[in-house]
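Secondary and tertiary structure notes
Residues per chain are reported as follows:
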Amino acid sequence: MAATLSTLAYLVAAVLFILALRGLSHPETSRRGNLFGMVGMAIAILATLLRPGMATGGIGLIVLALAIGGGIGAYIATRIQMTALPQLVAAFHSLVGMAAVFVAAAAFYAPESFGIGHAGDIHGGSLVEMSLGLAIGAITFSGSVIAFAKLQALMSGAPITFKGQHWLNLGLGILLLVLVVAFVASGSAALFWAIAILSFALGFLLIIPIGGADMPVVVSMLNSYSGWAAAGIGFTLGNLLLIVTGALVGASGAILSYIMCKGMNRSIINVLLGGFGTDTSAAGAVAGAGGDRGPVKAGSPEDAAYIMKNAAKIIVVPGYGMAVAQAQQVLREMGDLLKKEGAQVEYAIHPVAGRMPGHMNVLLAEANVPYDDVKELEEINPEFAEADVAYVIGANDVTNPAAKTDKASPIYGMPILDVERAKTVFFVKRGMSSGYAGVDNELFFRPNTMMLFGDAKKVTQEIVQALQK
Amino acid sequence: MNPTDLANQASAQAQRALELAQQARLLAEAHVAPVAAAADPFLFLLTIFLLACFVGYYVVWNVTPALHSPLMGVTNAISSVIVVGAILATGLGESLAAQVFGFFAAMLAAVNIFGGFIVTRRMLAMFQPKKRG
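All values reported here derive from a predicted model rather than from experimental measurement.

Thoughts on the overall build of chain A
Broken down by element type, chain A carries 18 helices and eight strands. With the C-alpha coordinates aligned to their principal axes, the bounding extent of chain A is approximately 75 × 50 × 30 Å. Taking all 469 residues of chain A together, the buried fraction comes to 57%. Taking all contacts inside chain A whose residues are at least 6 apart in sequence as the whole, residues at least 24 apart take part in 76%. Here chain A contributes 28 positive and 30 negative side-chain charges, whose respective centroids are spaced 2 Å apart.

Let's talk about the interface of chain A and chain B
In this complex, chain A contributes 103 residues to the contact, which on the side of chain B involves 79 residues. Between chain A and chain B the total buried area reaches about 8100 Å² when both faces are included, carbon and sulfur atoms providing 81% of it. Our count for the chain A to chain B interface comes out at zero salt bridges. Our count for the chain A to chain B interface comes out at 13 residue pairs in polar contact (both at pLDDT 80 or more). Only α1 (3–23), α2 (27–49), α3 (56–79), α4 (85–109), α8 (215–237), α9 (240–264) and α15 (359–366) of chain A provide two or more residues apiece to the side of chain A that touches chain B. Here the residues of the side of chain A that touches chain B sort into 69 nonpolar, 24 polar and 10 charged.

Re α4 of chain A
Over its 25 residues, α4 of chain A runs 36 Å from end to end, which matches the ideal 36 Å to within 8%, given 1.5 Å per residue. Buried residues dominate α4 of chain A, accounting for 23 of its 25 residues.

Describing the packing of aromatic side chains
Across all of its chains, the model carries 18 aromatic pairs over all chains by this definition. Taken together, the ring pairs in this structure connect Phe102, Phe108, Tyr109, Phe183, Phe192 and Trp193 of chain A together with Phe101, Phe103 and Phe104 of chain B into an aromatic cluster. In this structure, Arg355 of chain A packs its charged tip against the face of Tyr320 of chain A, placed 3.6 Å from the ring centre.

As for α1 of chain A
With 21 residues, α1 of chain A extends 30 Å from end C-alpha to end C-alpha; this agrees with the ideal 30 Å at 1.5 Å per step. The inward-facing, buried residues of α1 of chain A abut α2 and α9 of chain A together with α2 (41–61), α3 (68–79) and α4 (83–92) of chain B.

A closer look at the domain arrangement of chain A
Taken domain by domain, chain A comprises domain 1 (1–79), domain 2 (82–274) and domain 3 (291–467). Distance from the C-alpha centre of domain 1 of chain A to the C-alpha centre of domain 3 of chain A: 42 Å.

Here we look at the nonpolar core
Membership of the largest hydrophobic core comes to 199 residues, with the highest contact counts inside it found for Met130, Met308, Tyr391 and Ile463 of chain A. If we skip the residues at most four places from it in the chain, Met308 of chain A touches Ile314, Met334, Leu338, Val389, Tyr391, Phe426 and Ile463 of chain A.

Quick look at the UniProt feature "domain: NAD(P) transhydrogenase alpha subunit C-terminal" (unreviewed entry) in chain B
Mapped onto this numbering, the UniProt entry annotates "domain: NAD(P) transhydrogenase alpha subunit C-terminal" (unreviewed entry) at residues 46–128 of chain B. Summarising residues 46–128 of chain B: 83% helix, 0% strand, and an end-to-end C-alpha distance of 41 Å.

Quick notes on the environment of Glu302 of chain A
Residues and elements named next belong to chain A. Checked against the element boundaries, Glu302 lands in helix α12 (residues 301–309). Here Glu302 falls in the partly exposed class, since its relative accessible area comes to 42%. In this structure, the C-alpha to C-alpha distance between Glu302 and Ala466, residues 164 residues apart in sequence, is 5.7 Å.

Criteria and thresholds
- Residues numbered from 1 in each chain as written.
- Chains lettered and ligands numbered in written order.
- Predicted model: local features only at pLDDT ≥ 70, side-chain atom pairs only at ≥ 80, totals over all residues.
- Heavy atoms only, no water.
- Helix = DSSP H or I, 4+ residues; strand = E, 2+ residues; numbered from the N terminus.
- Buried < 20%, exposed > 50% of the residue type's maximum accessible area, 1.4 Å probe, protein only.
- Contact = heavy atoms within 4.5 Å.
- Lys, Arg positive; Asp, Glu negative; His and termini not counted.
- Charge placed at Lys NZ, Arg CZ, Asp CG, Glu CD.
- Buried area = accessible area lost by both parts, 1.4 Å probe.
- Salt bridge = Lys/Arg side-chain N within 4 Å of Asp/Glu carboxyl O.
- Polar contact = N/O pair within 3.5 Å; in protein donor to acceptor, adjacent residues only side chain to side chain.
- Nonpolar A, V, L, I, M, F, W, Y, C, P; charged D, E, K, R; others polar.
- Expected span 1.5 Å × (residues − 1).
- Phe/Tyr/Trp six-rings, centres within 6.5 Å; stacked < 30°, edge-to-face > 60°.
- Lys NZ or Arg CZ within 6 Å of the ring centre and 35° of its normal.
- Domains from an automatic or database assignment.
- Core = buried A, V, L, I, M, F, W, Y, C linked by side-chain atoms within 4.5 Å.
- UniProt positions renumbered as here; feature names shortened; annotations may be inferred.

Right, here's the structure in full:
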């Protein structure tokens with residue numbers, strides 16, 4: 001295929017990718033959007049394979065690589081549990097990062113293939129772009145591996161901090177810049193790999209201080225990085241499709257990170273510096289012990305079932321605890337039974353509920369909850385005042401009124417779901433422990449709150465049984 | 001006309017042709033140079049990049065929050081378009097090292113392409129509208 005034709009094919013693929021994202025503006029058009037994405041990718045791969053100068057043996061190798069990788073990817077994607085989605089996405093990001101590193105290496109050893117000079121004599125501009133793609137790719141790889149390990153509970157989700165951490169990262173960042181400058185000046189292979197190794201270390205160090213519940217931001221940010229890495233490689237190879245796609249993905253991840261940060265009223269810098277939720281727990285415990293509060297009212301699932309049976313409007317507030325307990329199916333059963341009783345049942349989703357953007361929506365969709373019943377924070381908040389029951393399952397900080405009233409609280413200013421306005425609030429929790437931010441939730445002590453202690457799935461199951469009687 | 005004269009004339013003609021060609025080249029360069037400078041390849045790529053960032057910005061703000069997880073799935077899959085670079089490195093076969101790196105890059109990217117699109121399709125298939133009645 002002539003160069004003009006393949007460039008045209010890339011343009012078509014780029015447009016299809018844009019349409020794929022466009023389709024996600026509504027669930028009805030989303031499946032077609034995903035199809036556009038697949039077609040775009042197929043066009044891009046075929047157009048590249050048909051370019052002049054491709055050796056038959058090389059094509060054989062590529063088909064083999066695509067078959068092995070595609071087989072593995074398809075196998076994993078068809079079998080993965082929806083609750084494991086965040087770690088799957090993190091793992092996939094790491095692969096994009098590593099692929100970027102490999103492509104940068106390939107371009108370094110065979111610059112003729114991409115028309116950027118000759119081995120040992122690559123154009124200076126191309127070296128700059130190559131080192132950018134390489135460094136971002138390597139950071140994406142090791143950062144995503146850590147995010148994966150934290151989400152998969154292979155390592156503790158608690159922030160890992162040590163003295164001088166930020167200075168170390170800053171020093172390594174400056175060293176990285178120095179290496180890039182030296183690499184561009186000399187074009188040496190040793191410096192190429194030094195940049196790679198330093199970037200791997202930096203990605204690792206950047207993510208370890210960030211705690212488990214901040215993972216939605218980290219996953220979105222790494223999503224963004226994988227896009228910028230692709231764009232960097234696109235600049236190196238002078239490939240328009242890579243640049244356009246990289247920019248789309250980079251922008252998408254950046255927007256998601258912004259939405260997540262806004263959902264916690266924290267700046268991206270604050271999240272990246274990490275260590276959140278470690279030093280505040282002591283203060284929270286003291287306040288809890290010394291506070292003058294009413295007794296905690298604990299109820300049984302039968303009590304809850306009785307109250308909900310007589311309710312006209314029920315709002316369910318799911319959080320990460322629901323995902324951990326795999327309670328989404330039984331939660332939908334409860335919703336169906338209550339609807340049969342004539343109640344209106346809706347679901348309220350906080351932007352940072354779960355471990356990745358939109359995590360709760362996918363889990364509820366998996367349990368066949370119609371998406372019209374699932375509402376975002378701004379939409380549902382005015383409705384809590386008319387609700388008879390708020391059923392909070394596995395969420396805590398996102399309902400804490402301290403975010404509005406207590407200026408000293410680490411979650412002050414965070415938008416919350418106004419569950420306190422409902423006539424009765426049920427909290428399904430395993431114990432009285434505080435949430436991720438390490439602050440007590442004063443709602444537990446309110447007279448209209450009833451605690452349902454136990455596993456989220458088990459408690460909800462018992463309510464379902466009581467409702468069926 | 002003897003062969004020597006013929007050869008001399010031919011050589012003179014060839015010399016003239018060469019001079020003409022050189023003049024033509026100089027003229028062409030004089031005209032083309034400013035155009036080429038205006039379309040500096042890097043600036044051209046940067047223009048595309050920035051415009052694509054804006055397209056991405058507006059398109060992604062239109063994505064409904066309920067579909068943010070599928071959005072990550074799709075972006076993850078399409079960012080593996082980096083496979084194009086891997087295919088060129090392996091297929092053109094300029095160096096063994098490049099072929100090896102290209103092979104592994106293509107494999108990793110393929111995991112993502114298939115994995116990303118399939119998991120997104122699974123997610124999207126679950127988003128059902130409210131049943132009537």
